[in-house]
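Results of the structural survey
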Amino acid sequence: MDAGISISWAPDENGSIEHGMERHRREEDEFRRRIDAATPAIEVVLDELESSGHTFLAPTDATFEQHAQRGSAGVMPQVEVALACTPRLGKDALKSLTQRITTLISEVPEAPKEPRRRPPVVVTPPRVPKRWWKFW
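Residues numbered from 1 in each chain as written. Predicted model: local features only at pLDDT ≥ 70, side-chain atom pairs only at ≥ 80, totals over all residues. Heavy atoms only, no water.

**What to know about the overall build of the chain**
Rules: Only runs of H or I of at least four residues qualify as helices and only runs of E of at least two qualify as strands under DSSP, and these elements are numbered from the N terminus. Relative accessible area decides the class of each residue, using a 1.4 Å probe on protein chains only: under 20% of the type maximum gives buried, over 50% gives exposed, and in between gives partly exposed. Two residues form a contact once any of their heavy atoms are found within 4.5 Å. Exposure was quantified through the Shrake-Rupley algorithm and a 1.4 Å probe, taking into account, for residues, occlusion by the shown protein chains and nothing else.
Within the chain, the regular secondary structure consists of three helices and four strands. Element order for the chain, N to C, with α for helix and β for strand: α-β-α-β-β-β-α. The buried share among the 136 residues of the chain stands at 24%. Relative to all contacts within the chain whose residues are 6 or more apart in sequence, the contacts with residues 24 or more apart total 55%. For the chain, the accessible area works out to roughly 11100 Å², and carbon and sulfur atoms hold 56% of it.

Written as structure tokens, this is what we have:
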């Protein structure tokens, strides 16, 4: 399981590229966390297919790409499932599997957002000019 994030635009309150890159990194980390949390449930779904007679190729298999079937569902996040199995899944079965996996990932609650850390306010005392004169 893996996550790839492709985001072309994000609100950027301070106009910096770094801010946008950091926001995308946080979104990708959150999506990966949700995939990791849903993995045991997704494995159960794939075990059901194995129990019904399907045999899967690992993504590292040299012939995976030529046998892979792909399905996608969802908008934000969009989930794409790529698998290679025999017998191949029918169009409706692949669509149903993709939707089930998307639902499992979507049901994982989002991690609580960290409160925005603002730099501490530093209060400097007013500058008192030096006096070059004295009273006697």
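**Notes on the nonpolar core**
The nonpolar side chains of a soluble globular protein tend to be buried with one another. To keep it simple, the criterion reads: Nonpolar core, defined: a set of buried Ala, Val, Leu, Ile, Met, Phe, Trp, Tyr and Cys residues in which side-chain atoms within 4.5 Å join the residues together.
Grouped together as the largest cluster of nonpolar side chains are 16 residues, with contacts concentrated most on Val79, Leu83, Leu89, Leu97, Ile101 and Ile105. The element contributing the most residues to this core is helix H1 (residues 17–51), with six residues. Ignoring anything within four residues of it in the chain, the contact list for Val79 reads Phe31, Gly71, Ser72, Ala73, Thr98, Ile101, Thr102 and Ile105.

**What about H1?**
Inclusion rule: To estimate the expected span of a helix, subtract one from its residue number and multiply by 1.5 Å. One axis fitted to the seven residues ending at a residue, another fitted to the seven starting there: the angle between these axes is the bend at that residue.
With 35 residues, H1 extends 49 Å from end C-alpha to end C-alpha; this agrees with the ideal 51 Å at 1.5 Å per step. The largest bend along H1 reaches roughly 50° and is located at Thr39, with the proline Pro40 sitting one to four residues downstream. All of the buried residues in H1 are His19, Gly20, Glu30, Phe31, Arg34, Ile35, Ala38, Thr39, Ile42, Val45 and Leu49. Each element contacted by the buried residues of H1 is listed here: strand E1 (55–56), strand E3 (79–83) and helix H3 (91–106). Among the residues trailing H1, Gly53 stands out with phi positive, at a value near 110°.

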